[in-house]
Structures are given as structure tokens and as C-alpha cells.
Amino acid sequence: MTTVRLTTAQALVRFLANQYSERDGQEQRLIPGVWGIFGHGNVAGIGQALLQAAVTQEADLPYYLARNEQGMVHASVAYAKMRDRLATFACTASTGPGSTNMITGAALATTNRIPVLLLPSDMFATRVAEPVLQQLEDTRGGDVTVNDAFRAVSKYFDRISRPEQLIPAALAAMRVLTDPVETGAVTLALPQDVQAEAYDWSVAFFRRRVWHVGRPVPEPSAVERAARLLRNARKPLIVAGGGAVYSGAETQLRAFAEATGIPVADTHAGKGAVPWDHPCAVGGIGSTGSYAADELAKEADVVLGIGTRYSDFTTASHTVFANPDVAFVNLNVARLDAVKHSAEPLVADARLGIEALAGALADWEVTPEYRARTRRLIARTREIEDGCFTVGHGPLPAQTEILGALNDVLGDRDVVINAAGSMPGDLQQLWRARDPKAYHVEYAYSCMGYEIAAGVGAKMADPSREVVVLVGDGSYLMMAQEIVTMVSEGLKVIVVLVQNHGFASIGALSQALGSQRFGTKYRYRDGTSGQLDGDVLPVDLAANASSLGADVLHAASVDDFRTAMEKAKGASRTTVVHVETDLYGPNPPAHGWWDVPVGQTSALDSTRSAYETYAHNKHAQRHYL
């Protein structure tokens, strides 16, 4: 057996550089690079190995410097999302806080079912120098470290305590990263002494490996059962989720909808699978869904879920599908999702499953009356949307007006990125996506701070697209530092910074739930009341963005915003467009409900009143059995 003597870190770098994914005959690098921030624990291990690889060219694995460990995980997730989960980055961090900073990113990746490889540095495997700097000593066991916190948020976790353990662990990591059912965060904890320890590695470990991502074929009898339910439906509805996009099933889904006449609603992850102006497209569904989608959901007798995990926002906390006899057919690559809501499961790749259903329903379609009802509901929805875009609010514009202007100035392939706050709800109703990659909203974990870092990853994944990060001041203040990364890497990204001096989404929710917007505004502490309800804080986020190296444009009105966006699109470097909007809306009308419990007893009239409303809405909630 031919061997080569390398450190564990050098072996890992060489291994990762030779991993590829393949689907439908198209191969690509599975791990095209490594994000990192060096400190003790990885600077002499992974850091040295990446340097050596670059200098000697023994392995092609570029290194990218992030400014926040959570941010580099977000960037990797956004990259993988844009690449349909067929490629992602590795992320290395130093021992202790550098590594635990990645835990939120790991949870986001796993919740969204997006692959990312995390390489947190760990304490000494030999334990000879314990306790070392930044070590948390655990009285329950000597083998416990802070990195064990990754276990709860990872789809695969291993600690490499001996060099030879890397071989099975690395192979298992690649298996999980390329499994569309099991994918998520994969964590290999690397003790700092083991990273630097040498071992004689079999050269075969470093051979070029291609991980084939297959398309599970639907079982014929399952197709027959699903088709039977749909044939008997009078008011069917499709809910398109992220699986429809990741499988590349857009063409098949559109053709299926056209042939059968079944209207298509979408989740955040599925938006764009059917263009917004397609005659069967009825928009977002659920708690912040469109008028058309939620009205059709109330009546639907059969719901065909395609690649959706049915989050509470999709189901409006189990209230939007109101027909007492509603039945579900779930086409999903994961059986976990296929059987939800007592559904008839169709476990298969979304593209192949749609094709099979299309064949089984080749001579069937909805009634002309149902097609006509869908058209009427869509027309009413367009009126609602247009009203939000042209509300004429003042003196500060409404956020919906900014979204309307953004819809107008961006092209079909331009990518809009968002994650948290009031904007995801507004976007689900109002964003008009015609391309499956044009709408990039992380709403499984809804993580504030995802947006700007995600802009880095999305632009790296497809430099040919204009990438527009849509971020509120709340998320911006949590994680804006990856603007520096955009500048250092020469990435042209547009950041639309919407400042309203508070938490618009939680503020409105707080008010609706009887908590009077408590603690949701950026204000001085008032000397009389003792609360944070004094004057507005003099925070200049535009100046902050400029200090990080971005060009900054200011917009004081909707017309100013349009002008600034056109200028930003023509720019060659990262540009921030700063605009202030009204913290109090107005927002799009609500068509769904979200279950956020209200105190059953309270000394506040506002809370008691809110509880009465909450209790009333709970009556509509049910299991689908």
C-alpha cells in the first residue's frame, strides 16, 4: 500500500479538494473552498495545511477570510442553496468561542436542510495541558467540550481524536452532505493537537471521488393511489416547497399545472418554481399568504404538497386548510415530510414524481368553473398588491412601497435576499419572482443577521446575477461585518438597508398580542418612565456601512429610491442604498393566522383583550387526520 506522511489537517485539506458531486451527468466540486477565521486551535493545523496547499499547489482548496464565524456559515448555506445543495463550503474556526459562534449557523443549515461542513477546533485530545485557554471544564466527564453543543444541530457529528479516525469520519461526512434526505450541518470536531499530528495515509484516501446524487423513483402503486385521490378532487391545490426548486422540477411543475388546471401556491423556499404571472400561480400560502392562495386553501379538498415540510407559517398554524374533509398527497424525497398530515405519501424525487403524476392524470383536469374561480382570485390579489405598492404613505414611505419599486427595477434573474423581521411576510405576498433563484428568503430558522453574509455566498455561487440584500436595521445591527468581506473579495452586491428605528415585525406582533410594542423600538431610556420610549437614537447606519468600505447612496422617497437603485445596478462594487421607512407600516392585509400564545391571565386590559382574540382563533386549529 502506497502511503504519504501528512498531518491530519493536511490530509483533510487534500481529501476535501478531491470531492465532487454529480447529478444528471453534471459534475462539480462538492467543497470548492474553505471559509475561516484563524486563532489558536486551527492556525497551526488547518491554517498551515491551507497555506501549504496554496504554496505547493498540492491541493486546490482556496481559503476565504470571514469577519464573523456565524456569518461564514450563512455564506456557505446561501452558496449551497443557490447551487441546489450540490456544492457547499467547509468552515474552520478557532477553539472555544470561535467555534461556538458557528452553532447558530449550523442550526440554520439543518433546519433548512442545506449542506455545510463545519470544522470547529477542539481541546487537546491528549489532555496534557488542561485546562487550556477557552476550555470549559465539565464535571460530568473529561471528554465533554463546548463542541458537543453541535450534536443537537448537526445531521452528523464526530470528534477526530486520532488521525486514522479521519478516514471513516470524512467519508461519512460526504455521504450526509450529498444525501437530499439527511443533509444539513455536518460537524467534524478537530482537537488542535490531532490537527498537527502526522500519520502515514493511504494514497487511495485522496483519490478523486464522485458522490452521485440520485433521483429516487416513485413507486408505481404509490403513484396510482395519489392519482386516485387527485382524480376525485373538486378543488385541489398544489403547495410547492423548496424540494421543487432543489430538484430542478420547475418545467415539469408548470406543465403539470397547465395541463390539470390545479392552482399552485408556494412557500418561501418554493417561490419562483412557477412564475408569479403564470395563470395557475396564486402566490404565497399560510400565515402571511396571498388572498388567492389562502382562499383556495380554505376550500381545498385535496392538497398536493411538493417538496414542502409544512411549517407553521405554511399551514397558518394548522388553520388555513379549513375544509373538514381535506386530504393530503405529499410528494417528497423525505418520508418524514411525505407522511405529514396523514397524507398519502409519494416518496420520490420531485421532478420524477411530478412526471409520474402527469402521466397518471393525462386525461384529467379541474372543471372550467374552478379555473375561472382561480382567475378571479388572482385578479383580486393583484389589486391588493398594487394597492400596497402605491399606498402613497407619508411623510416616510411604507415598506411595501419600497418593495414595489424594487420589484420594478430588478430583472427576472436578479436575486433578492432576506431572512427575518417584517420583510419576509411582506415579500411572501408582494414579491413577483419569475425565476426559482430570484427569491432567496431564509425562513425556516428566520435568523436575523443571515442577509448580508448570504449575499456573499449567493454572489460567489452565481456571479452572473445581480444580488440584492434586503435588510432591516435590526438584522443589520446584528451582523453587518461581512460587507468588509464583499469589499475584500471584490464582490459587487447591492445592500438595501431599510431603517425604521425598531423591530417592525415584533413590534406589530407585540401590539396585536397585547404587549404594546414593549421593547421593540430603538429609543433612549426615558428619565421619567424608566422605559426605552424616549427620543429616537441618533444611529447613522449609512455612515457605518461607508466605514466598512461600501459605497453608500441615500433615498428620502420612493422616487429617490428608484433613482438610487438604478445607480447601484450600474456600479461595479458593493453599494448600500439607505432608505428610511415608517416603523408602523402600513403592511399588507393579513389573510392567515399565526399561533403565538397570549397570557391567559393579566393585569393589562390590552393583554386580556388579545387573549380573547387568541382563544377565538384557536377554535379553528386542528390536526389533519
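My aim in this report is to walk through the structure given alongside it, one point at a time. (Residues numbered from 1 in each chain as written. Predicted model: local features only at pLDDT ≥ 70, side-chain atom pairs only at ≥ 80, totals over all residues. Heavy atoms only, no water.)

## Regarding the packing of helix H11 (residues 291-299) against helix H15 (residues 368-389)
So, step 1. Where H11 contacts H15, the two axes come as close as 8 Å, and the packing angle between them is 145 degrees. The segment H11 lies against H15, with Tyr291, Ala292, Glu295, Leu296 and Glu299 engaging Tyr370, Arg373, Thr374, Leu377, Ile378, Arg380, Thr381 and Ile384.
So, step 2. Counted by class, the contact of H11 with H15 contains seven nonpolar, two polar and four charged residues. (Axes fitted to C-alpha atoms, helices over the stretch in contact; angles between N-to-C directions. Helix = DSSP H or I, 4+ residues; strand = E, 2+ residues; numbered from the N terminus. Contact = heavy atoms within 4.5 Å. Nonpolar A, V, L, I, M, F, W, Y, C, P; charged D, E, K, R; others polar.)

## Some remarks on the nonpolar core
So, step 1. If you look at the biggest cluster of nonpolar residues, it comprises 57 residues, and the most contacted ones within it are Trp35, Leu118, Ile452 and Tyr476.
So, step 2. Top element by residues in this core is helix H3 (residues 69-82). It accounts for eight residues.
So, step 3. Each residue touching Leu118, except ones within four places of it in the same chain, is listed here: Val73, Cys91, Met102, Ala106, Phe150, Ala185, Val186, Thr187 and Leu188.
So, step 4. Formed by 55 residues, the second largest nonpolar core is a distinct cluster that contains Ala227, Ala233, Val302 and Leu304. (Core = buried A, V, L, I, M, F, W, Y, C linked by side-chain atoms within 4.5 Å. Buried < 20%, exposed > 50% of the residue type's maximum accessible area, 1.4 Å probe, protein only.)

## Observations regarding H15
So, step 1. Between its first and last C-alpha, H15 extends 32 Å over 22 residues, near the 32 Å set by a 1.5 Å rise per residue.
So, step 2. All of the buried residues in H15 are Tyr370, Ala372, Thr374, Leu377, Ile378, Thr381, Arg382, Ile384, Glu385, Cys388 and Phe389. (Expected span 1.5 Å × (residues − 1).)

## Quick look at the packing of aromatic side chains
So, step 1. What the rule picks out here adds up to 18 aromatic pairs.
So, step 2. Look at Phe15 and Phe205: their rings are 4.6 Å apart centre to centre, the planes differ by 15 degrees, and that puts the pair in the stacked class. Highlighted residues: Phe15 in helix H1 (residues 8-16) and Phe205 in the loop between strand S10 (198-202) and strand S11 (209-212), separated in sequence by 190 residues.
So, step 3. Residue Phe15 is classed as buried on the basis of its relative accessible area, which comes to 0%.
So, step 4. Overall, the relative accessible area of 5% leaves Phe205 in the buried class.
So, step 5. Centroid distance Tyr310 to Phe328: 5.8 Å. Interplanar angle 90 degrees. Geometry classified as edge-to-face. Residue Tyr310 is found in the loop between strand S15 (302-306) and helix H12 (312-315), and its partner Phe328 is found in strand S16 (residues 327-332); the two are separated by 18 residues along the sequence. Across the pair, Phe328 and Tyr310 agree in class, each one buried.
So, step 6. Through pairs of rings, three or more aromatic residues link up here, namely Phe15, Tyr199, Trp201, Phe205 and Phe206.
So, step 7. Sitting over the ring of Tyr20, Arg208 keeps its end group 3.9 Å from the ring centre. (Phe/Tyr/Trp six-rings, centres within 6.5 Å; stacked < 30°, edge-to-face > 60°. Lys NZ or Arg CZ within 6 Å of the ring centre and 35° of its normal.)

## Describing the side chain of Gln70
So, step 1. Tracing the backbone shows Gln70 in helix H3.
So, step 2. Contact partners of Gln70, with chain neighbours within four places excluded, come to Asn101, Thr104, Gly105, Cys447, Met448 and Met479.

## A short note on the sheet that holds strand S3 (residues 26-29)
So, step 1. Pairing is mixed in the open sheet, where three strands are placed in the order S3-S2-S11. Each end of this open sheet is capped by a strand with a single partner; those strands are S3 and S11. The sheet shows a mean angle of 30 degrees between the axes of neighbouring strands, direction not considered.
So, step 2. As paired strands, strand S2 (residues 19-23) and S11 are joined by four bridges and run parallel to one another. (Pairing = 2+ DSSP bridges.)

## A look at the sheet that holds strand S23 (residues 575-580)
So, step 1. Across the sheet, which stays open at both edges, the six strands sit in the order S19-S18-S20-S21-S23-S22 with parallel pairing between neighbours. Strands with a single pairing partner mark the edges of an open sheet, and in this sheet they are strand S19 (439-441) and strand S22 (551-555). The mean angle between the axes of side-by-side strands here comes to 20 degrees, regardless of whether they run parallel or antiparallel.
So, step 2. Set on the sheet, helix H23 (residues 558-569) makes contact with strand S20 (467-472), strand S21 (494-499), S22 and S23; between it and S23 the angle comes to about 175 degrees.

## Some remarks on the environment of Ala259
So, step 1. Residue placement: Ala259 occurs in helix H10 (residues 250-260).
So, step 2. Classification of Ala259 as partly exposed rests on a relative accessible area of 49%.
So, step 3. The residues touching Ala259, leaving out its near neighbours within four places in the chain, are Trp364, Glu365 and Arg371.

## Comments concerning the packing of H3 against helix H5 (residues 103-112)
Two quantities define a packed helix pair, namely the angle between the helix axes and the distance between the axes.
So, step 1. Running from amino to carboxyl end, H3 crosses H5 at an angle of 20 degrees, the nearest separation of the two axes being 7 Å. Our classification of the angle between H3 and H5 gives roughly parallel. Note that H3 runs across H5; the crossing there is right-handed. Taken together, the residues of H5 that come into contact with H3 (itself represented by Gln70, Val73, His74 and Val77) are Thr104, Gly105, Ala106, Leu108 and Ala109.
So, step 2. Within the contact of H3 with H5, the residues separate by chemical class into five nonpolar, four polar and no charged. (Parallel < 35°, antiparallel > 145°, perpendicular 65-115°, else oblique. Left-handed = near helix turned anticlockwise from the far one by under 90°.)

## Thoughts on unusual backbone geometry
So, step 1. Omega for the bond connecting Gly394 with Pro395 falls within 30 degrees of zero, at 5 degrees, which places this linkage in the cis form.
So, step 2. Mapped onto the secondary structure, Pro395 falls in the loop between H15 and helix H16 (399-409).
So, step 3. With an omega of 5 degrees, the peptide bond running from Gly585 to Pro586 counts as cis.
So, step 4. Tracing the sequence through the fold places Pro586 in the loop between S23 and helix H24 (605-618).
So, step 5. In the Ramachandran plot, Asp84 falls in the positive-phi region, its phi being about 55 degrees despite a non-glycine side chain.
So, step 6. Residue position: Asp84 is located in the loop between H3 and strand S6 (90-93).
So, step 7. With relative accessibility at 19%, the residue Asp84 sits in the buried group.

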